[in-house]
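The primary structure of each chain is shown beneath.
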Amino acid sequence: MTPNIEWRAVEQLVFGGAVGPQLLTQPVSLVVIIIGLMVTSGVVSGYVALFAWQRRSMPGAIGLGVLALASGWWSSGYLLELIVADVALKLTLADLQWVGVLVAPIAWFFFAFSYAGRDRFTARPSLCVLSVLPVIGLGAVWTNSLHHLMWTSVTVVPAVGRAITILQMEWGPLYWVVLGYSYLLWLAGAVVILRTALDMPDIYRLQAITLVLGTLMPVLGNFATTLLELYGAAIDMTPAAFTFAGLACTVAISRYELLESRPVPRWVARERVVETMADAVVVTDTKWRVTDVNRAAARVLNDTADELKGRPVGDVIDEFSPDQRDTDQVTVRLGSSQRYFELRTSAFCDHHGRDIGHALVFRDVTDRRLNLQQLEVMNRVLRHNLRTEANLLEGYANLVLDDIDGGEFDDARDHAKTLQDHAKTLVNISQKARKLGVTRGSDGNGDVQLHPAAVQIRAAADAVRTDFACANVRLVELPDRDVVCAPTLEPIVRELVENGVQHNGSSTPVVSVTAGWEDDELVIRIEDNGPGINASELAAIDAHGETQLRHASGLGLWLVKWGVDQLGGTVVFHRREEGGTEVVLRIQAVRSE
């Protein structure tokens, strides 16, 4: 439908008395000022857009650049609309301006929320939702002749001695919806910037105030124009007011380093610190129901944050009970391995001092505890095993010398043999201490090269066969070659097989090794026909530490325990009914592709 275009006398276009006609009949100098502002707006907008494009990787730069382009488009289009006389061309220019009119508020919102660090509101889905109404509005503008939802009629009004002409619209219902929505976007952007700047250093505060004051000028100009249009035709002051927005951005750029850095709001900093910290944090309400967890807590508890929220903390952490909140150390399962956590519990209140919840902070102290265990064991080895063996060496060396001096060479030979055995014991302790260093150097996190488990088990068995010719080491079953594991597995298996042979009173020690893939784990069973491991040897292992009264006799079992921990597995010792020991290893392994 063709717009209803009418030429009306300027004297009839009065709003509230004399203001409207006075504006439209002002001397040419006022129009020159307005046009000059629009030209300035276009130039400044171009500068801001270019500056933002050069820093397009910075948060908010894209939004600021689009805002500058939209305002420049709007200002330039309106300037042409005012000065062209052809009505059809004037209407076309007016329609094209709507691109800038509808894009500018969204661009401002995008810039403001990016500037304030509220990135989830600037994600693509949010941007699509925010753009729905402006897109509908733009479609309605270009098809207005079919429905007249944006405006019902257009009148071309001459002004300033007919030097220019103005389009006077009778706005339709959709226009007011779009206008209100645009105001909301401008207001939201201004509020979020000011809110962010309140707890920021002065440079960001001044930067934010400059931006908000400058960008509110077009809003005020548009609001004033809307009021004036209620009474008749009026020159749209919004494009000219964009000059102040552009100048404000220029000041913020040149004086306050806009886009050179982004302020980090306090809430963002705290959220990021908690979310990325290595300690696991669990937040509960006063009923001890989980209300939030950080990333580390979700990983430790082996569940997603959504699954953990709402559950009683006792269900989430078996070892913790609200009645035992003073517990300072708990053990939490991480996968199939044991991890040790130091727990700190604190209550927090609202501004009125009322309890609103609790924070549970778990600090992984596994490495610290492992180091303490190893210090205890090494202290025992140095203090007891090495000193005992050294004393024995000295004693048997004296006996050998006495036997030689007395001409008792057979006794000297026997004592020398004993001396040799104890020397081997010292060498053995030394070798295991070296293995300990190798075990500690491997992180067990998959950063080392993985080897087939079957190859490692076979190599361990062959090494024991070489050292103990009398031993009968049987490999009953081995996993497929595609089951791979860290190289720490070989010394673990060797230690257990060797232990089954070395501490076996039989003339032909028998040790059987069965390994297979069960439930995504490598399960290894090592059985021997010896007397079985002494319970006192296992007591220290089960207690996770040694004392003067409870300790192992060597390093072997500890090497197994620490090696299995490094591999994220478990080790269990069983006494067999027919005699001997069954050791069951469950190791984190993978199948190679």
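Because the structure is predicted, anything quoted here is derived from the model rather than measured.

Thresholds, definitions, all that
Residues numbered from 1 in each chain as written. Predicted model: local features only at pLDDT ≥ 70, side-chain atom pairs only at ≥ 80, totals over all residues. Heavy atoms only, no water. Helix = DSSP H or I, 4+ residues; strand = E, 2+ residues; numbered from the N terminus. Contact = heavy atoms within 4.5 Å. Pairing = 2+ DSSP bridges. Patch = residues over 30% accessible without salt bridge, like charges linked within 9 Å, V, L, I, M, F, W, Y side chains within 5 Å. Areas by Shrake-Rupley, 256 points an atom, 1.4 Å probe, with all protein chains shown as cover. Salt bridge = Lys/Arg side-chain N within 4 Å of Asp/Glu carboxyl O. Phe/Tyr/Trp six-rings, centres within 6.5 Å; stacked < 30°, edge-to-face > 60°. Buried < 20%, exposed > 50% of the residue type's maximum accessible area, 1.4 Å probe, protein only. Core = buried A, V, L, I, M, F, W, Y, C linked by side-chain atoms within 4.5 Å. Arc of directions from axis to C-beta. Axes fitted to C-alpha atoms, helices over the stretch in contact; angles between N-to-C directions. Parallel < 35°, antiparallel > 145°, perpendicular 65-115°, else oblique. Left-handed = near helix turned anticlockwise from the far one by under 90°. Nonpolar A, V, L, I, M, F, W, Y, C, P; charged D, E, K, R; others polar. Expected span 1.5 Å × (residues − 1). Lys, Arg positive; Asp, Glu negative; His and termini not counted. Polar contact = N/O pair within 3.5 Å; in protein donor to acceptor, adjacent residues only side chain to side chain.

**Q** Describe in detail the overall build of the chain, supporting the description with residues and values.
**A** For the chain, the helix and strand inventory stands at 19 helices and 15 strands. If you take every contact in the chain between residues at least 6 apart in sequence, the share linking residues at least 24 apart comes to 64%.

**Q** Provide a residue-level description of the sheet that holds strand β10 (residues 483-485), including the pertinent values.
**A** Taken in spatial order, the 3 strands make up an open sheet running β8-β10-β15, and their pairing is antiparallel. Each having just a single partner strand, β8 (451-452) and β15 (590-591) make up the two edges of the open sheet. Alignment of β10 against β15, held across 2 bridges, turns out to be antiparallel. Looking at β15, one finds that Val484 is bridged to Val590.

**Q** Got a sec to walk through a nonpolar patch on the surface? Specific residues and values, please.
**A** Judged by side-chain polarity, Trp176, Phe223, Leu227, Leu230 and Tyr231 come together as a nonpolar surface patch covering roughly 540 Å² of accessible area. By the element assignment, Phe223 lies in helix α8 (residues 202-229).

**Q** Tell me what's going on with the packing of aromatic side chains, and back it up with residues and numbers.
**A** One pass over the structure, following the stated rule, counts 15 aromatic pairs. On the basis of an interplanar angle of 90° and a centroid distance of 6.2 Å, the ring pair of Trp98 and Tyr175 is categorised as edge-to-face. Residue Trp98 is located in helix α4 (residues 87-115), and its partner Tyr175 is located in helix α7 (residues 173-197); the two are separated by 77 residues in the primary sequence. Under the relative-accessibility criterion, Tyr175 is labelled buried at 8%.

**Q** Any chance you could break down the pattern of salt bridges for me, citing the residues and the numbers?
**A** Applying the stated criterion across every chain yields a total of 16 salt bridges. Between Glu342 and Arg368 there is a salt bridge, with its nearest N and O atoms 2.9 Å apart. Linking Glu342 in strand β6 (residues 337-349) with Arg368 in helix α14 (residues 366-405), this pair joins segments that are 26 residues apart in sequence. When its relative accessible area of 19% is taken as the criterion, Glu342 is described as buried. Of the charged contacts in the structure, one is a salt bridge between Asp467 and Arg494, with a shortest N-O distance of 3.0 Å. In this pair, Asp467 is assigned in helix α16 (residues 453-467) and Arg494 in helix α17 (residues 489-502), connecting sequence segments 27 residues apart. In this structure Arg494 comes out as partly exposed when scored by relative accessible area, which is 25%. Ionic contacts of the salt-bridge type, sharing partners, join the residues Glu342, Arg344 and Arg368 into one network.

**Q** Can you lay out the nonpolar core for me, pointing to particular residues and giving the numbers?
**A** Membership of the largest hydrophobic core comes to 61 residues, with the highest contact counts inside it found for Trp98, Phe111, Ile193 and Leu258. In terms of residues, this core owes the most to one element, α4, which gives 14 residues. Setting aside residues up to four positions removed in sequence, Phe111 forms contacts with Gly60, Gly63, Leu64, Ile193, Leu211, Leu258 and Leu259. By size, the runner-up hydrophobic cluster in this structure holds 43 residues, among which are Val381, Ala461, Ile526 and Ile533.

**Q** Could you give me a rundown of the pairing of strand β2 (residues 164-171), with the residues and numbers involved?
**A** Burial analysis of β2 places 7 of its 8 residues in the buried class, the great majority of the element. Here 8 bridges tie strand β1 (residues 151-159) to β2, and the two strands are oriented antiparallel to one another. In the strand pairing of β2, Val157 is matched with Ile166.

**Q** Account for helix α18 (residues 535-542), naming residues and giving values.
**A** Listed as buried for α18 are Glu537, Leu538, Ala540 and Ile541. In an axial view of α18, the angular spread of the buried residues amounts to 155°, which keeps them on one side of the axis. Pointing more than 90 degrees away from the buried face of α18 are the exposed residues Ala535 and Asp542. Here the buried face of α18 lies against α19 (556-566) and β13 (570-575).

**Q** Describe the packing of α4 against helix α5 (residues 124-142), listing the residues and the values that go with them.
**A** Running from N to C, α4 and α5 cross one another at 165°; their axes reach a closest spacing of 10 Å. In terms of axis orientation, α4 runs roughly antiparallel to α5. α4 and α5 meet at a crossing whose hand is right-handed. Contact residues: α4 offers Asp95, Trp98, Val99, Leu102, Ile106, Phe109 and Phe110, while α5 offers Leu127, Leu130, Ser131, Pro134, Gly137, Leu138, Val141 and Trp142. Taken together, the residues of the contact of α4 with α5 break down into 12 nonpolar, 2 polar and 1 charged.

**Q** Just give me the short version of α14, but keep the residues and values in it.
**A** Compared with an ideal rise of 1.5 Å per residue, which puts 40 residues at 58 Å, α14 spans 56 Å between its outermost C-alpha atoms and is within 8% of the ideal. Among all positions in α14, only Thr366, Leu370, Gln373, Gln374, Val377, Arg380, Val381, Asn385, Glu389, Leu393, Val400 and Asp403 are buried.

**Q** Could you give me a rundown of the sheet that holds strand β9 (residues 472-477), with the residues and numbers involved?
**A** Pairing in this open sheet of 5 strands is mixed, and the strands run β9-β11-β12-β14-β13 from one edge to the other. A single partner strand is all that each edge strand has here, and the edge strands are β9 and β13. Between one strand and the next, the sheet's axes are offset by a mean angle of 15°, whatever the strand orientation. Direction of pairing for β9 relative to strand β11 (residues 510-518): parallel, over a ladder of 5 bridges.

**Q** Tell me about the side chain of Glu582, and name the residues and values.
**A** For Glu582, the location among the structural elements is in strand β14 (residues 581-587). Apart from residues no more than four positions distant in its own chain, Glu582 is found in contact with Arg525, Ile526, Glu527, Val572, Phe573, His574 and Arg576.

**Q** I'd like a rundown of unusual backbone geometry, residues and numbers included.
**A** Unlike most non-glycine residues, His148 shows phi in positive territory, near 55°. Positionally, His148 belongs in the loop between α6 (144-147) and β1.

**Q** Give me the lowdown on the packing of helix α3 (residues 61-83) against α4, citing residues and values where you can.
**A** Their axes nearest at 7 Å, the elements α3 and α4 cross at an angle of 155°. With respect to their mutual orientation, α3 and α4 come out roughly antiparallel. In this structure, α3 crosses over α4, and the sense of that crossing is left-handed. Tallied by class, residues from the contact of α3 with α4 come to 21 nonpolar, 4 polar and 2 charged.

**Q** Requested: an account of the side chain of Asp236, with residues and values cited.
**A** By the element assignment, Asp236 lies in the loop between α8 and α9 (238-256). Of the side chains bearing the opposite charge, Lys90 lies closest to the buried Asp236, which forms no salt bridge; the N-O distance is 13 Å.

**Q** Report on the environment of Trp73, specifying residues and quantitative values.
**A** Looking at the secondary structure, you find Trp73 in helix α3. Look at Trp73 and you get partly exposed, because its relative accessible area is 46%. Expressed as a C-alpha distance, the spacing of Trp73 and Ser41, which sit 32 residues apart in the sequence, is 9.7 Å. Discounting residues that sit within four places of it in the chain, Trp73 has contacts with Leu96, Gln97, Val99 and Gly100. Within polar-contact distance, the side chain of Trp73 engages the backbone oxygen of Leu96 at 2.8 Å.

On their own, these measurements won't tell you what the molecule is for.
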